[in-house]
Amino acid sequence: MTAQTPRRPVAVTVGRRGTLSPALQEVWDRSWPRLGHRIVEGDPEGFLPDLAEWFGREAPLVLDIGFGNGAATVSLAEQLPDHNIVGVERYKPGLAQLLQFLEERDVPNVRLLRADATGVLDRIAPGSVAMVRVLFPDPWPKTRHHKRRLVNLWTVSQIAERLCVGGVLHVATDDANYAEAIAGSLADEPRLAALPAERSVPSRPTTAFEARAQRAGRAVTEFVVCRRTTGSAPEPGND
């Protein structure tokens, strides 16, 4: 396999802003101060809240990166009630929609970061994450935009560093070219291996991106790998 040079993904500084409906604005005003935090891109003074204090408990940490409207995040949190779930998203309406789901379904173990995912990884301690999930990241299909793709060798290396022993990385994409690139990045990271057959990851509902891919006849490729084990470790996911 041709060696890749790890490069930090180029941040997308102009993202979708979106406006909130009156109902979502009420949810935002009510829940964001308690459940959300923003890390401004490029701000070296930006901080990650103390997670034990933010959640009110110590628990295995899960990062759900780029969660869209949050439906899959809620499902994940309900399946892993003994885990602290941090959802990372840049798009305000998606954040607000997840806040609404959390209120409606009384889900207590989710907190939200409005931030660039690489900036969040910068602030996470090595060996402290039980699971990272990245479902349908923007494929940036044009070659000149590939530098913006979130999942590359640099990001995979950063995630591997932050996973605990046995911790899981779960990625899904409907773009064949991106899937090939992701496979190469995972193969080039020696700290990661295929998830053993006796283990599983939490189930997930069909996301809006996945449904769109299915209607267009595009196949979905999923990758589930884990930090190589040297002994017993807590295993996120289903028993």
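All values reported here derive from a predicted model rather than from experimental measurement. (Residues numbered from 1 in each chain as written. Predicted model: local features only at pLDDT ≥ 70, side-chain atom pairs only at ≥ 80, totals over all residues. Heavy atoms only, no water.)

1. Points about the overall build of the protein chain
Within the protein chain, the secondary structure is distributed over eight helices and eight strands. For a compact globule of 239 residues, the expected C-alpha radius of gyration is about 18 Å, and the protein chain comes in at 17 Å, within 12% of that figure. Over its C-alpha atoms, taken along the principal directions, the protein chain stretches across nearly 50 × 45 × 40 Å. Taking all contacts inside the protein chain whose residues are at least 6 apart in sequence as the whole, residues at least 24 apart take part in 83%. By element, 50% of the accessible surface of the protein chain is carried by carbon and sulfur atoms, the whole surface being about 12,000 Å². Separation of charge centres in the protein chain, based on 29 positive and 29 negative side chains, amounts to 7 Å. (Helix = DSSP H or I, 4+ residues; strand = E, 2+ residues; numbered from the N terminus. Rg over C-alpha atoms; globule rule 2.2 N^0.38 Å. Contact = heavy atoms within 4.5 Å. Areas by Shrake-Rupley, 256 points an atom, 1.4 Å probe, with all protein chains shown as cover. Lys, Arg positive; Asp, Glu negative; His and termini not counted. Charge placed at Lys NZ, Arg CZ, Asp CG, Glu CD.)

2. Observations regarding the pairing of strand E8 (residues 221-227)
Pairing between strand E6 (residues 163-173) and E8: six bridges, direction antiparallel. Looking at the pairing, Val 168 lines up with Cys 226 of E8. (Pairing = 2+ DSSP bridges.)

3. Side note on the pattern of salt bridges
Considering all chains together, one arrives at eleven salt bridges under this definition. The residue Arg 30 makes a salt bridge to Glu 103 at a minimum N-O spacing of 2.8 Å. Of this pair, Arg 30 sits in helix H1 (residues 22-35) while Glu 103 sits in helix H4 (residues 92-105), and the two are 73 residues apart along the sequence. Residue classification places Arg 30 among the partly exposed residues on the basis of a relative accessible area of 49%. On the accessibility criterion, Glu 103 (33% relative accessible area) is partly exposed. Residue Glu 78 pairs with Arg 105 through a salt bridge whose shortest N-O separation is 2.6 Å. Highlighted residues: Glu 78 in helix H3 (residues 71-79) and Arg 105 in helix H4, separated in sequence by 27 residues. Of the residues examined, Glu 78 reaches a relative accessible area of 39% and is grouped as partly exposed. Among the charged side chains, a network of salt bridges with common partners joins Glu 161, Glu 189 and Arg 191. (Salt bridge = Lys/Arg side-chain N within 4 Å of Asp/Glu carboxyl O. Buried < 20%, exposed > 50% of the residue type's maximum accessible area, 1.4 Å probe, protein only.)

4. Topic: the UniProt feature "binding site: substrate" (unreviewed entry) in the protein chain
UniProt annotation of "binding site: substrate" (unreviewed entry) refers to Lys 142, Asp 174, Thr 207, Ala 208, Phe 209 and Glu 210 when read in the numbering used here. With a sequence span of 69 residues, these residues are also far apart in the fold, their greatest C-alpha distance being 23.3 Å. With respect to the element layout, Lys 142 can be found in the loop between strand E5 (129-135) and helix H6 (153-162). Within the secondary structure layout, Glu 210 lies in helix H8 (residues 208-215). Every residue in contact with Glu 210, bar those within four places of it in the chain, is listed here: Phe 136, Arg 204, Pro 205 and Val 220. (UniProt positions renumbered as here; feature names shortened; annotations may be inferred.)

5. Re the packing of H3 against H4
Between H3 and H4, the shortest axis-to-axis distance is 9 Å and the interhelical angle comes to 40°. By the criterion of interaxial angle, the relationship of H3 to H4 is oblique. Remark: the crossing between H3 and H4 carries right-handed chirality. Note on element contacts: H4 touches H3 through Leu 98, Phe 101, Leu 102 and Arg 105, opposite Ala 71, Thr 73, Val 74 and Glu 78. (Axes fitted to C-alpha atoms, helices over the stretch in contact; angles between N-to-C directions. Parallel < 35°, antiparallel > 145°, perpendicular 65-115°, else oblique. Left-handed = near helix turned anticlockwise from the far one by under 90°.)

6. Structural notes on unusual backbone geometry
Although it is not a glycine, Phe 136 sits at a positive phi angle of roughly 55°. Considering the arrangement of structural elements, one finds Phe 136 in the loop between E5 and H6. Of note in the backbone geometry, Trp 140 takes a positive phi value of approximately 40° without being a glycine. Tracing the sequence through the fold places Trp 140 in the loop between E5 and H6.

7. Digging into the packing of aromatic side chains
For the structure on display, the rule yields two aromatic pairs. Here Trp 28 and Trp 32 contribute two aromatic rings whose centre-to-centre distance is 4.4 Å and whose plane-to-plane angle is 5°, an arrangement assigned as stacked. Placement of the pair is Trp 28 and Trp 32 together in helix H1, with a separation of four residues, close to one helical turn. Grouping residues by exposure puts Trp 28 and Trp 32 together as buried. Arranged with centres 6.2 Å apart and planes meeting at 65°, the rings of Trp 54 and Phe 55 form a pair that is edge-to-face. Residue Trp 54 shares its accessibility class with Phe 55, and that shared class is buried. Geometry around Trp 28 places Lys 92 over its ring, the cationic atom sitting 4.7 Å from the centre. (Phe/Tyr/Trp six-rings, centres within 6.5 Å; stacked < 30°, edge-to-face > 60°. Lys NZ or Arg CZ within 6 Å of the ring centre and 35° of its normal.)

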